[in-house]
Amino acid sequence: MTGVGVMWGVAHVRRGGLWLLDLVLPPRCPGCGAIVGTLNSFCPPCWTSLDFLGHSGCESCGIPLEAIDHGTCAGCLARPPRIARTRAAVAYGDIAGSLAIRLKYGRKIALAKAMARYMLPLVGELPADALLVPVPLHRRRIAVRGFNQSLLIAREIGRKRGVRVAPRIIRRIRPTPPLRGMSFTERQKTVAGAFALAAKADIAGRTIVLVDDVLTTGSTAEACAQTLLRGGAARVELLCWSRVVRNPIFVR
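Criteria and cut-off values
Residues numbered from 1 in each chain as written. Predicted model: local features only at pLDDT ≥ 70, side-chain atom pairs only at ≥ 80, totals over all residues. Heavy atoms only, no water. Helix = DSSP H or I, 4+ residues; strand = E, 2+ residues; numbered from the N terminus. Expected span 1.5 Å × (residues − 1). Buried < 20%, exposed > 50% of the residue type's maximum accessible area, 1.4 Å probe, protein only. Polar contact = N/O pair within 3.5 Å; in protein donor to acceptor, adjacent residues only side chain to side chain. 1 Å grid on protein atoms, 1.4 Å probe; cavity = no way out; pocket = protein on both sides within 12 Å on 5 of 7 lines; lining within 4 Å. Points joined across faces, edges and corners; volume = space filled by probe spheres on them. Nonpolar A, V, L, I, M, F, W, Y, C, P; charged D, E, K, R; others polar. Lys, Arg positive; Asp, Glu negative; His and termini not counted. Salt bridge = Lys/Arg side-chain N within 4 Å of Asp/Glu carboxyl O. Contact = heavy atoms within 4.5 Å. Pairing = 2+ DSSP bridges.

Given a rise of 1.5 Å per residue, 13 residues ought to cover 18 Å, and the 19 Å separating the end C-alpha atoms of helix α7 (residues 149–161) matches this to within 8%. Where α7 is concerned, the buried positions are Q149, S150, L151, I153, A154, E156, I157 and G158. Sitting at the amino-terminal end of α7 is N148, which places a side-chain oxygen 3.0 Å from the backbone nitrogen of S150. Remark: G162 follows α7 within two positions and exhibits a positive phi of approximately 70°.

Below, the structure written as structure tokens:
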């Protein structure tokens, strides 16, 4: 058999194996587990329950805007954030939160691919030397959990977009307690000084895209951005699966 024939045979067997796998283990909705037609896609009820944010909202922080006269919210105009561009795939809610919780605490690591699929269209135009940097966990938390969920998401996005993932550029040098329930000021104090650049981090003049699963007040991401910008990064962006949206901001 020629080399071409062998390759055709291998491809044929592989397609047959995938067909059999789909027959035995059909794709299921990441939200509810219902059988769906495409891997990592949501069923119609879950799809309609999700609030997709897309590219709408403030051009800088991404917060949803209503009654828009211009593209930047008043907060960002008054005090430009360190993070130049923030985008989230969906607003935090029952289904979006369930995916994040099951990924982190239920060890359903395949959900990282579903999240990445809907985050991927939000990646903007990037220079060739841009880096995807997952928001780091402290080594103690990784030892308990076994993985960094943001790294799993970043690797999937990097693979699809051809962007280098650099998980060791920034480190969490001090463990911090869960920020849930803290005020904005308390969160800022808690994460202050918690991050540091790696000794040989090569980020001078680069665009860094931080990757995370859930954005609440943004204190952690801002602390990371501060560390990166002080280390010479030219621009820092943030890409996440979901964000907490309390009330749309009205701009007049």
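It is worth spelling out the layout of surface pockets at this point. Of the voids in this model, the largest pocket is the one considered here, and its volume is about 980 Å³. Forming the boundary of the largest pocket are 31 residues, of which P81, F184, T217, G218 and E222 lie nearest the centre. Contributions of two or more residues to the lining of the largest pocket are made by α3 (74–78), α8 (184–191), α9 (219–230) and β8 (235–243). A breakdown of the residues in the lining of the largest pocket according to their chemical character gives 17 nonpolar, nine polar and five charged.

What follows concerns the side chain of R243. For R243, the location among the structural elements is in strand β8. Among buried Asp, Glu, Lys and Arg side chains, R243 stands out as unpaired, with E222 the closest opposite charge at 9.8 Å. Of note is the side chain of R243, whose polar atom sits 2.6 Å from the backbone oxygen of C61. Those residues in contact with R243, other than ones at most four positions away along the chain, are L53, C61, G62, I63, T86, A88, V90, A91, Y92 and L215.

With that out of the way, let us pick up the sheet that holds strand β3 (residues 131–134). Read from one edge of the open sheet, five strands run β2-β8-β7-β3-β4, paired in parallel fashion. On the outer flanks of this sheet lie β2 (85–91) and β4 (164–165), each paired with one strand and no other. Looking at chain direction, strand β7 (residues 207–215) and β8 are connected through eight bridges and run parallel. In the sheet register, D212 faces β8, and the bridge partner there is C240.

Among the secondary structure elements, C43 is positioned in the loop between α1 (3–24) and α2 (44–49). With 15 residues separating them in the primary sequence, C43 and R28 have C-alpha atoms 8.2 Å apart. Residues within four places of C43 in sequence aside, it is in contact with C29, C32, A34 and V36.

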